[in-house]
Amino acid sequence: MIDSHVHLNRHEFGDEAGEVVARARAAGVTAFLNVGYDLQTSRASLALAEQYADVWATVGIHPHDALLLADEEGRLTDDGRRRLEELEALSRHPKVVAIGEIGLDFFRDLSPRPAQHAALAAQLELAARRDLPVVFHVRDAWEPMLAFVDQVGLPPRRGVLHAFSGDNRAVDWALERGFRLGIGGVVTYRQSTLPGMVARAGCDPLLLETDAPWLPPVPHRGQRNEPAWLGLVLDTVAGILQMEPGEVERRTDASFTALFRPGKAITP
Ligand SMILES: [Zn+2]
């Protein structure tokens, strides 16, 4: 199985990334997509991808850090243009398989909304220019996010709605347009509405993810999440879909490979 969204470079892992990767491999994880969210973590993701054959990278700027690219009125800044150029340069590396995580976050609202829209638009253009899929982060902004992406134009290679938390309408939007849904530990939580969304989507649009070190699955809530626990997500999804875990693994792996085209280094 493939962890389609992880942050192995986070300080929560200290210098243990090698052990974390080894534990996950022992638990059956065959590939990792390490996701950047600013310039520093984009560079760190690429460094991890260069170090480990089964790690791939994304580069991008999170909506929390939209002011790195645009001002409060939503105009790209000179520094922002330089940063976009660096992202573009990083994205030329063969192990960079997506632009992300990018999107809108109106839950924490850590940056002004016009800046978030401008940063998203600029990075959607980058994804189109580089012919790469996108990793979307959306929180408390589903309606504006989906409307905005429809308005500015879908990224040609589409992408994944990471840590999916939308409703039926968001599921249908994604399915109609060929986006995948990133499903992680939240699907194991008792109060989660996510099982209903998983059932509505069916297996093939889904990608498994941990978002480690965040969002640990049951029974590890409150602990630092690990990609080694991805099997708990797989088993829960298989239970919801009334499918064999091995079948869900095979089909979500195939969906990952179809979307991100990570080359031949994924070992079976
Ligand atoms: Zn993330």
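Right above here is the structure, for reference.
So, here's what we can say about the structure. (Residues numbered from 1 in each chain as written. Predicted model: local features only at pLDDT ≥ 70, side-chain atom pairs only at ≥ 80, totals over all residues. Heavy atoms only, no water.)

## Considerations on the coordination of the zinc ion
Moving on, step 1. Those donors, H5 (NE2), H7 (NE2), E101 (OE) and D211 (OD), are the protein atoms that reach the zinc ion, and they lie 2.1 to 2.6 Å from it.
Moving on, step 2. Taking the relative accessible area as the measure of exposure, E101 reaches 4% and is therefore buried. (Donors = N, O, S within 2.8 Å, 3.2 Å for Na, K, Ca; no water. Buried < 20%, exposed > 50% of the residue type's maximum accessible area, 1.4 Å probe, protein only.)

## Details of the side chain of D211
Moving on, step 1. Note on placement: D211 falls in the loop between strand 8 (206–208) and helix 8 (230–241).
Moving on, step 2. Polar side-chain contacts of D211 include one of 3.2 Å to the side chain of H7. (Helix = DSSP H or I, 4+ residues; strand = E, 2+ residues; numbered from the N terminus. Polar contact = N/O pair within 3.5 Å; in protein donor to acceptor, adjacent residues only side chain to side chain.)

## Section: helix 3 (residues 78–91)
Moving on, step 1. If you check helix 3, its first and last C-alpha atoms are 20 Å apart, about what 14 residues at 1.5 Å a residue would give, namely 20 Å.
Moving on, step 2. All of the buried residues in helix 3 are G80, L84, L87, E88, L90 and S91. The buried residues of helix 3 occupy one face: seen down the axis, they fall within an arc of 160°. Exposed positions of helix 3 whose direction lies more than 90 degrees from the buried face are D78, R82 and E85.
Moving on, step 3. At its buried positions, helix 3 is contacted by helix 2 (39–51), strand 3 (55–59), strand 4 (96–105) and helix 4 (113–130). (Expected span 1.5 Å × (residues − 1). Arc of directions from axis to C-beta. Contact = heavy atoms within 4.5 Å.)

## Observations regarding the pattern of salt bridges
Moving on, step 1. Considering all chains together, one arrives at 20 salt bridges under this definition.
Moving on, step 2. Put simply, R169 and E143 hold a salt bridge, and the shortest N to O gap is 2.9 Å. In this pair, R169 sits in helix 6 (residues 168–177) while E143 sits in helix 5 (residues 142–152), placing the two residues 26 residues apart along the sequence.
Moving on, step 3. Look at R169 and you get partly exposed, because its relative accessible area is 42%.
Moving on, step 4. Of the charged contacts in the structure, one is a salt bridge between R251 and D204, with a shortest N-O distance of 3.0 Å. In this pair, R251 is assigned in helix 9 (residues 245–260) and D204 in the loop between helix 7 (194–201) and strand 8, connecting sequence segments 47 residues apart.
Moving on, step 5. Residue D204 is classed as partly exposed on the basis of its relative accessible area, which comes to 38%.
Moving on, step 6. Sharing partners across several salt bridges, the network here consists of E16, R23, R224 and E226. (Salt bridge = Lys/Arg side-chain N within 4 Å of Asp/Glu carboxyl O.)

## What to know about the packing of helix 3 against helix 4
Moving on, step 1. Where helix 3 meets helix 4, the axes come as close as 11 Å, and the angle between the chain directions of the two elements is 30°. The angle between helix 3 and helix 4 falls in the class roughly parallel. As for how helix 3 packs across helix 4, the hand of that crossing is right-handed. In contact with L84, L87, E88 and S91 of helix 3, helix 4 contributes A122, Q123, L126, R129 and R130.
Moving on, step 2. Tallied by class, residues from the contact of helix 3 with helix 4 come to 4 nonpolar, 2 polar and 3 charged. (Axes fitted to C-alpha atoms, helices over the stretch in contact; angles between N-to-C directions. Parallel < 35°, antiparallel > 145°, perpendicular 65-115°, else oblique. Left-handed = near helix turned anticlockwise from the far one by under 90°. Nonpolar A, V, L, I, M, F, W, Y, C, P; charged D, E, K, R; others polar.)

## Quick word on unusual backbone geometry
Moving on, step 1. Look at the link from G100 to E101: it is a cis peptide, with omega at 5°.
Moving on, step 2. Structurally, E101 can be placed in strand 4.
Moving on, step 3. In the segment running from A212 into P213, the intervening peptide bond is cis, with an omega of 15°.
Moving on, step 4. Inspection of the secondary structure puts P213 in the loop between strand 8 and helix 8.
Moving on, step 5. Even without glycine at this site, D140 takes up a positive phi of about 50°.
Moving on, step 6. Take D140: it is sitting in the loop between strand 5 (134–139) and helix 5.
Moving on, step 7. Within the chain, A163 stands out as a residue other than glycine whose phi angle is a positive 45°.
Moving on, step 8. By the secondary structure assignment, A163 is in the loop between strand 6 (159–162) and helix 6.

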